[in-house]
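A look at the structure
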Amino acid sequence: MHSSQSTIRIRTATANDLIAVTGLDGKITGLAKPDYWRDLIRRFGGRKQDRYFLIAEAGTELLGFIMGEIRAWEFGSPPCGWIFAVNVEPDKRLTGVGTVLFEALCGKFRENGVATVRTMLARDDTLIMSFFRSQGMMAGPYIELEAALD
Amino acid sequence: MRLQTASRLALLSVLDLAADPARQRSAGEIAEAYRVSLNHLAKVLRDLNRAGLVESVRGVGGGYRFCGNAKRTTLLDVIQIFENVSGDATVRANPIDASATEAALSLILKEIDDTVQATLQSITIDTAVKLIQKLPPRG
């Protein structure tokens, strides 16, 4: 365990986290999307048992967040945990925050009887892909296809 | 995909040495462990040394050890010392002259190249070593 990992507290996101979550996402993406995050915190912040929006914090400082959901039978897949988003404060990266968030979300999935975790990301997003691979994730049995609609 | 022999030897050496950065292994020991040509491996190790990924330790018990940054160095970084895998996916040298068939085939090959590139670029030495340690020992 990284030395700073023991000071990280994980909890479910609430409406009070909106400003910090929007701020962290804006810092990384360059876009402020408060309505988007308000909606996600409302839908994933503990209202339904199989949806999770987890916050990592040290004291009152937001270090990062992760979001996911258990989904079943789409594409013929048995129930599995999906990770939709993970963000870590840029100057707190490589300190174990992402790992703690990932493990916490996987723990929630396991508690609900799910044995597989899955995500999807841009092929050129090397930073996030490296993170997920460092957690032991590898290419799965599905492949994403798309087409431009004329 | 098929890697050139030098790339394959480089990956084997780097991963073997990075699994225990404090340990020194001679070129002969590595060659024997992976049943590969000592001559070829020695050249590869010299290139890895020049690239700053391994260092040679002289004297009794000397050999090579990993000295790179395992969390920052990817499999692609190692391979690119020896070959270009960025993918020249064009079927015809000048894409402007390409027929629809050649253009379509280029698109398909590019999809394969992009996937290979993304995979190799996202796996660090540290991640690969963790995978090795997770697999049951063989042989």
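What counts and what doesn't
Residues numbered from 1 in each chain as written. Chains lettered and ligands numbered in written order. Predicted model: local features only at pLDDT ≥ 70, side-chain atom pairs only at ≥ 80, totals over all residues. Pairing = 2+ DSSP bridges. Helix = DSSP H or I, 4+ residues; strand = E, 2+ residues; numbered from the N terminus. Axes fitted to C-alpha atoms, helices over the stretch in contact; angles between N-to-C directions. pLDDT = per-residue confidence, 0-100. Core = buried A, V, L, I, M, F, W, Y, C linked by C-beta atoms within 7 Å. Buried ≥ 20, exposed ≤ 12 C-beta atoms within 10 Å, placed from the backbone. Contact = placed C-beta atoms within 7 Å. Nonpolar A, V, L, I, M, F, W, Y, C, P; charged D, E, K, R; others polar.

Another point: the pairing of strand 1 (residues 54-57) of chain B. In regular strands, side chains alternate between the two faces of the sheet. Residues and elements named next belong to chain B. As paired elements, strand 1 and strand 2 (residues 63-66) share four bridges and run antiparallel to each other. Residue pairing across strands places Val-57 opposite Gly-63, the latter belonging to strand 2. Between strand 1 and the antiparallel strand that follows it, strand 2, lie five residues; Gly-59 among them carries a positive phi value of about 95°.

Our focus in this paragraph is the sheet that holds strand 1 (residues 9-12) of chain A. Residue and element names in this part refer to chain A. Judged by pairing direction, the sheet is mixed, and its five strands sit side by side in the order 1-2-3-4-5 without closing on themselves. At either margin of the open sheet sits one strand with a lone partner, and together these are strand 1 and strand 5 (117-119). The sheet shows a mean angle of 30° between the axes of neighbouring strands, taken without regard to direction. In this structure, strand 3 (residues 61-71) lies alongside strand 4 (residues 80-88), joined through eight bridges in antiparallel fashion.

Note that predicted coordinates carrying low pLDDT should not be read in detail. Across chain B, the average pLDDT comes to 90, with 93% of residues at 70 or higher. In the model output, the complex is listed with pTM 0.86 alongside ipTM 0.81.

Let us now look at the nonpolar core. Considering soluble globular proteins, one finds that nonpolar side chains tend to be buried as a cluster. One finds Phe-53, Leu-54, Ala-56, Phe-65, Ile-66, Leu-101 and Leu-105 of chain A to be the most contacted residues of the largest nonpolar core, which totals 30 residues. Secondary structure elements with two or more residues in this core: helix 1 (18-29), helix 2 (34-44), strand 2 (51-58), strand 3, strand 4 and helix 3 (97-111) of chain A. At six residues, helix 3 of chain A tops the list of elements feeding residues into this core. What Leu-54 of chain A contacts, discounting residues up to four positions off in sequence, is Ile-10, Thr-12, Ala-13, Phe-65, Ile-66, Leu-101, Ala-104 and Leu-105 of chain A. Core analysis: the second largest hydrophobic core is formed by 22 residues, Val-14, Leu-45, Val-54 and Leu-75 of chain B among them.

On the side of chain A, seven residues touch chain B, which itself brings eight residues to the contact. For the side of chain B that touches chain A, the leading source of residues is helix 5 (residues 100-122) of chain B, giving four residues. Of the residues in the side of chain B that touches chain A, the class split is two nonpolar, four polar and two charged.

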